[in-house]
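# Descriptive analysis of the structure
The primary structure of each chain is shown beneath.
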Amino acid sequence: VYTFGEMLSRIRSIAYRLKQENVAFGDRVALIGENHPSWALAYLGTIYHGAVCVPLDPHGEIETITNFLENSEAKVAFLSPDQTGRFSQIEEKLGRHIPAVVWNLENSTNGFQKFEDWSTTDFPDSYAAEIPKADGKDIALLMYTSGTTGTPKGVMLTHQNLLVAARTSGLLRKTGPTDRVYGV
């Protein structure tokens, strides 16, 4: 359980670490894992940095995930620990190494990095004072369709798309000041 302040600090740590790892504004960052607080932190840290989050189905076929990673040109991947074996197979098929950060990783093996190190990276006060650079027209997410009617396609969603979806969701659900809504 995190306070809002702790979450913001971890989100900024992840964003700053992406910057340190030369992930540029608009670069793709894959996210493969089950529902977990670290999934949300990685998602929000990626978007805070201005990179494009590419969430992928952790139960997807290895060939499919390989194609999505190749198509998206992901620079980094955040993984749940149960994905490390599959990810090694994916990298082999892909023919290139993608730096991978794993939450709840017991031992750093096969070059996997610990999420806990990323989410507690020190950042300067000046970085915390900066306003994130993305605006409404910038791409926030690259979501892949299931391909039920043919080849799966990447669908780009902007920051504005996400804001409108969040506002609309609140209007449709008739939320009030005492309601709590959680969702990413």
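Before reading further, recall that the structure is shown in the block above.
Described in the following lines is the structure provided in the data block. Bear in mind the structure is a predicted one, so any value in this text is a computation, not a measurement. (Residues numbered from 1 in each chain as written. Predicted model: local features only at pLDDT ≥ 70, side-chain atom pairs only at ≥ 80, totals over all residues. Heavy atoms only, no water.)

### Quick word on the overall build of the protein chain
Counting its regular elements, the protein chain contains seven helices and seven strands. Since a compact globule built from 184 residues should have a radius of gyration of about 16 Å, the 17 Å found for the protein chain is in line with a globular shape. Out of the 184 residues belonging to the protein chain, those deemed buried represent 39%. Nonlocal contacts in the protein chain, meaning residues at least 24 apart in sequence, comprise 64% of its contacts between residues at least 6 apart. (Helix = DSSP H or I, 4+ residues; strand = E, 2+ residues; numbered from the N terminus. Rg over C-alpha atoms; globule rule 2.2 N^0.38 Å. Buried < 20%, exposed > 50% of the residue type's maximum accessible area, 1.4 Å probe, protein only. Contact = heavy atoms within 4.5 Å.)

### Description of the pattern of salt bridges
In the structure shown here, the tally under the stated rule is three salt bridges. Among the ionic pairs, Arg 17 bridges to Glu 21, the shortest N-O distance being 3.1 Å. Salt-bridge contacts for Glu 63 lead to Lys 93; the nearest nitrogen and oxygen are separated by 3.5 Å. Here Glu 63, found in helix α3 (residues 62-72), pairs with Lys 93, found in helix α4 (residues 84-94); they are 30 residues apart in sequence, far enough to count as distant. What makes Glu 63 partly exposed here is its relative accessible area of 42%. Under the relative-accessibility criterion, Lys 93 is labelled exposed at 51%. (Salt bridge = Lys/Arg side-chain N within 4 Å of Asp/Glu carboxyl O.)

### Here's the deal with the packing of helix α1 (residues 4-20) against helix α2 (residues 37-49)
Remark: α1 packs on α2, axes separated minimally by 8 Å, with the N-to-C direction vectors making an angle of 60°. Relative to α2, the element α1 is oriented oblique. Crossing handedness for the pair α1 and α2: right-handed. When α1 is examined against α2, the residues Met 7, Leu 8, Arg 10, Ile 11, Arg 12, Ile 14, Ala 15, Leu 18 and Lys 19 are found in contact with a partner set consisting of Leu 41, Ala 42, Leu 44, Gly 45, Thr 46, Tyr 48 and His 49. Taken together, the residues that form the contact of α1 with α2 break down as 10 nonpolar, three polar and three charged. (Axes fitted to C-alpha atoms, helices over the stretch in contact; angles between N-to-C directions. Parallel < 35°, antiparallel > 145°, perpendicular 65-115°, else oblique. Left-handed = near helix turned anticlockwise from the far one by under 90°. Nonpolar A, V, L, I, M, F, W, Y, C, P; charged D, E, K, R; others polar.)

### A short note on the layout of surface pockets
Of the pockets and cavities examined, the second largest pocket occupies roughly 260 Å³. Along its surface, the second largest pocket is lined by 16 residues, and Leu 56, Asp 57, Phe 68, Tyr 144 and Thr 145 are the ones closest to its centre. Elements with a contribution of two residues or more to the lining of the second largest pocket: β2 (52-56), α3 and β6 (139-144). In the lining of the second largest pocket, the residues fall into 10 nonpolar, five polar and one charged. (1 Å grid on protein atoms, 1.4 Å probe; cavity = no way out; pocket = protein on both sides within 12 Å on 5 of 7 lines; lining within 4 Å. Points joined across faces, edges and corners; volume = space filled by probe spheres on them.)

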